[in-house]
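# An overview of the molecular structure
Letter by letter, the chains look like this.
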Amino acid sequence: MPDPAGLELIAHELRERHPESIADTLYYRGIATLVVEPDHVLEVLSWLRDDPQQQYGFLASMHACDYLPHEPRFGLHYELLNMSRVERIHVKALLADPGEPELPEIDSCVSLFPGAGFQEREAFDMFGIVFRGHPDLRRILMPEEYEGWPQRRDFPLGGEPVLFTHNEHQMPRWYE
Amino acid sequence: MSEREPVGSVREMAMGVTVDAAAEAGLSPPDVEDGREEAVLTINFGPHHPATHGVLRLLVELEGEVVHDVKPYVGYVHTGIEKNCEDKSYWKVIPLVERMDYLSYYFNALAYCMSVERLLDEEVPARAQYLRVIHCELNRIHSHLVWLGTSALDLGAISILWYCFRERDKVLDLFEASSGQRMHTRYVQVGGVVEDIPANWARKVLAFTEDMVERVGQYEAILDRNEIFLQRTKGVGIVPPERLLELGVTGPLLRAAGNPWDLRKADPYSSYDHFEFKIPIGTVGDCYDRYRVRVAEIRESCAIIRQAVEGLPEGPWITDNRKVALPPRHELATSMEALIHHFKLVTEGFRVPPGEAYAPIESPRGELGCFVVADGSAKPVRVHMRDPSFVNLQSLREMCVGGYIADMIVSLAMLDPILGGIDR
Amino acid sequence: MEIKREGADRGKAGTDPDEFRIRQIRARDLLRGDREGHDLEKHVQESVLTTTLEKALDWARSNALWPATFGLACCAIEQISLVTSRYDSARFGAEVFRASPRQADMLILSGRVSIKMAPVVRRIYDQMLEPKWVIAMGACASSTGVFNNYALVAADKFMPVDVHVPGCPPRPEALIHGILKLQRMVQGHPDLGWRTRYGAEGTEELPHPNIALSPAET
């Protein structure tokens, strides 16, 4: 992990190159996080991958999170790994929800890290985040015609109510 | 227009491909050119097929027997575990998360617990760390045995299935002795392990490791220089390590291609740095290397287990922090605080201060990481498992295109996908 | 040369023609009661030949139930372990696990059935030939198990299930118990439900008209 000073240096260099890209830096429990504006995600990721000092060339994971009721609602997390120095840096982009029926959009990083293909499809399937430039953006885990974005916080968990004596009256004569 | 081969013909039985129904397999009409015909056949390698790697659906475009394109379709065992986890207190998430990658259940639980411990800034006692290592390495052996058995079954070496599952039952006996369950034991808890090992267990484990090393030698004697096995796996499914890194592939696939990346050595967690073990790597990166790497890993796991059992330190098996771990039963009769802690932990669960953490470990298939977002309450906001099989599956296309369909079976077997982890 | 045979002499005391006739009538009554004509024919068809044949067929079917593998998730690993040498399922008749559903009698649904997989399972079930049986192995196939959410469906919502085997995952011995239960069911003497076995009729949970189940109802 880059230590807090190293993280600030990275943020400083990024602010020099791309002025409004970095929104914040966080250092919590040994994990260095760069909070990035969603429009500049590709620039930040490509600099982190290609710059000879940084060389975070391996995308370990890419996942999304729904921070309802906080705004901006969606967070996209990129875990980058530098294999030679064994350092991880966490890049976070916060997306606002434009409201139904529009979907939040961000650029796809498949061009930089082809391994993100399936992971972006999963973020699309579960949260409804559209990745511009993804070669094949369709549902991966749910059936293709499914409507709804299951892992959003306002999507109900589903399932059947388990019947006990105290709630049987809600489903009268269930035994028939 | 000549006769089309009927669905369900000799070809599909020879290759072990099950076509779901005639409607599903789109047989494209042959193009008649100069009296010759060229047909690109799209075969649906349906979710139900005898190569027991779970419910994976592959849409394969074939020309003759040469594969042009492979498109994996997953999601047939999607259980929505991550959404279920958001509804439960932190320690109730452990049994759910274990059921994701269902062959390496200790690893799933360990990744999650390490992530939560990071958020809590909790220290795990040394004995618990060693016990976790022993159980995880036993689980690695178990996972590789199941992989070897089912892969050999795919290739036709059916007797290996019986042998591997015989050893696997021995591993499950050990798990049953230490935790009471064969699979999905929820032995790893936040802060340590759920209880100490029984009296004779260490000796049984040592006897098992000696036995296992000998048996691995026997499996290698059967398969390593077997003519049929060599012909089917040598030179098949080669992907250069740089391409694998671009695709995010880790684990035995990457090590077989020559890159010695193993999180147990690179970024040691849970006292792996106390043990001496080697990382087997391959040279060519074909399916034969992947087989050799995994079998060698079984040997190395036996070495780790032996060192861990012999060096097992005394001490508590779970953290002393009563706000996180249940107090021992005898204290409940004497101490009021213990009773209150017990009550709070069982009804509500412990609270985790707000934050996010990602904890990666080395599972039998690659880098397994768990991302947990906490908001100060007793339930996690988000639990996401970075599953190695999900990311490794993207390399299937590179391995198979240009080869024969029979080679695709081998590549899929050596890729070791576990659909529970892919679909979660 | 005279060959002497015991009791073969006619006209001696042991072979009284009246006694013979009485024995003949008794035998006829034993076999057919007082049925005549068409009823008698039907009686013979049903009771003597066909029942024995049916019973023999059921016995043969139950002892040679060939499962179609339907390994979905974790229970599939325990199912494979059922086939292997320690908990050998071949000794119960499940000799081979047929890959093709058209060649299988029994479907062991081992694992969680997601909504994407349910139509596929139903199609496989429809492709099986009669007679066919289904064992729902594990908690996830029987109900939705540990997960009660948007992505899963219980097996008996979309196909008939004969035996549910509880467990998560059930031990191979538990699955053997389920297979044996199915065998008894196929043979025509199914196990009694637990309420009958333990004399627990009357323990069903029904809303009682006099008991208020929620504060609103008082």
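Report follows, based on the coordinates. (Residues numbered from 1 in each chain as written. Chains lettered and ligands numbered in written order. Predicted model: local features only at pLDDT ≥ 70, side-chain atom pairs only at ≥ 80, totals over all residues.)

### Concerning the overall build of chain B
What counts is decided by this rule: Runs of E in the DSSP output that reach at least two residues are strands. Runs of H or I that reach at least four are helices, and both are numbered from the N terminus. Using C-alpha atoms as the atom set, the radius of gyration is obtained and then compared with a globule rule of 2.2 Å times the number of residues to the power 0.38. Note on burial: count the other C-beta atoms lying within 10 Å of the residue's C-beta; 20 or more is buried, 12 or fewer is exposed, in between is partly exposed, and C-beta positions come from the backbone. Here, residues touch in the contact sense if the C-beta positions derived from the backbone fall within 7 Å of one another.
On a plain count of helices and strands, chain B comes out with 18 helices and ten strands. Taking 22 Å as the expected radius of gyration for a compact globule of 424 residues, we find that chain B reaches 24 Å, a close match to that expectation. In terms of overall dimensions, chain B has C-alpha extents of about 90 × 45 × 35 Å along its principal axes. Every one of the 424 residues in chain B was classed for burial, and the buried ones make up 56%. When contacts within chain B are restricted to residue pairs at least 6 apart in sequence, long-range pairs at least 24 apart make up 68% of them.

### Overview of helix 1 (residues 4-17) of chain A
Residue and element names in this part refer to chain A. Our working definition: For a helix, the expected span equals 1.5 Å multiplied by the residue count minus one. What the arc covers is the set of directions going from the helix axis to the C-beta atoms.
Between its first and last C-alpha atoms helix 1 spans 20 Å; for 14 residues at 1.5 Å apiece the expected length is 20 Å, and the two agree. For helix 1, the full list of buried residues reads Leu7, Ile10, Ala11 and Leu14. Each buried residue of helix 1 lies within a common arc of 95 degrees when the element is viewed along its axis, so the set occupies one face. Structural note: helix 1 exposes Ala5, His12 and Glu16 on the side pointing more than 90 degrees away from its buried face. Against strand 1 (22-28), strand 2 (31-36) and helix 2 (41-50) lie the buried residues of helix 1.

### Concerning the nonpolar core
General note: in soluble globular proteins, nonpolar side chains tend to be found buried as a group. Which entries qualify depends on this criterion: Only buried residues count toward a nonpolar core: Ala, Val, Leu, Ile, Met, Phe, Trp, Tyr and Cys, linked into one set through C-beta atoms within 7 Å. Boundary definitions for the domains trace back to an automatic or database domain assignment.
Judged by nonpolar contacts, the single largest core of 226 residues is most densely connected at Val97 and Tyr112 of chain B together with Leu109 and Ile135 of chain C. At 15 residues, the largest contribution of residues to this core is made by helix 5 (residues 126-155) of chain B. The residues that make up this core include at least three from each of domain 1 (10-73) and domain 2 (81-398 + 408-423) of chain B.

### Digging into the interface of chain C and chain B
Note the threshold: Each residue is assigned to one of three groups, with Ala, Val, Leu, Ile, Met, Phe, Trp, Tyr, Cys and Pro labelled nonpolar, Asp, Glu, Lys and Arg labelled charged, and all others, Gly among them, labelled polar.
Facing 33 residues of chain C, the contacting portion of chain B comprises 32 residues. Contributions of two or more residues to the side of chain C that touches chain B are made by strand 1 (67-71), helix 3 (74-83) and helix 4 (118-127) of chain C. Examining the composition of the side of chain C that touches chain B, we find that six residues originate from one element, helix 3 of chain C, more than from any other. Grouping the amino acids of the side of chain C that touches chain B by side-chain chemistry returns 18 nonpolar, nine polar and six charged.

### A few points about the pairing of strand 8 (residues 355-363) of chain B
Residue and element names in this part refer to chain B. Worth spelling out the cut-off: Paired strands, in this sense, are two strands between which DSSP finds at least two bridges.
Counting buried positions along strand 8 yields eight of nine residues, so the element is predominantly enclosed. Pairing geometry for strand 8 and strand 9 (residues 366-374), over nine bridges, is antiparallel. Looking at the pairing, Ala359 lines up with Cys370 of strand 9. Linking two consecutive strands that pair antiparallel, namely strand 8 and strand 9, is a turn of two residues.

### With respect to the sheet that holds strand 2 (residues 106-110) of chain C
All names here are of chain C. Stated precisely, the cut-off is as follows: Angles here are taken between N-to-C directions and fall from 0 to 180 degrees, while the axes themselves are lines fitted to C-alpha atoms, restricted in helices to the stretch in contact.
Strand order in the open sheet formed by four strands is 1-2-3-4, with parallel pairing between adjacent strands. Each edge of the open sheet is held by one strand with a lone partner, namely strand 1 and strand 4 (163-165). Here the average twist between neighbouring strands, direction ignored, is 15 degrees. Pairing analysis gives five bridges linking strand 2 to strand 3 (residues 133-137), with the strands arranged parallel. Residue pairing in the sheet places Ile108 in a bridge with Ile135 of strand 3. The sheet strands contacting helix 3 are strand 1, strand 2 and strand 3, and the helix crosses strand 2 at an angle near 130 degrees.

So, to be careful, I would describe these as geometric facts and stop short of saying anything about function.
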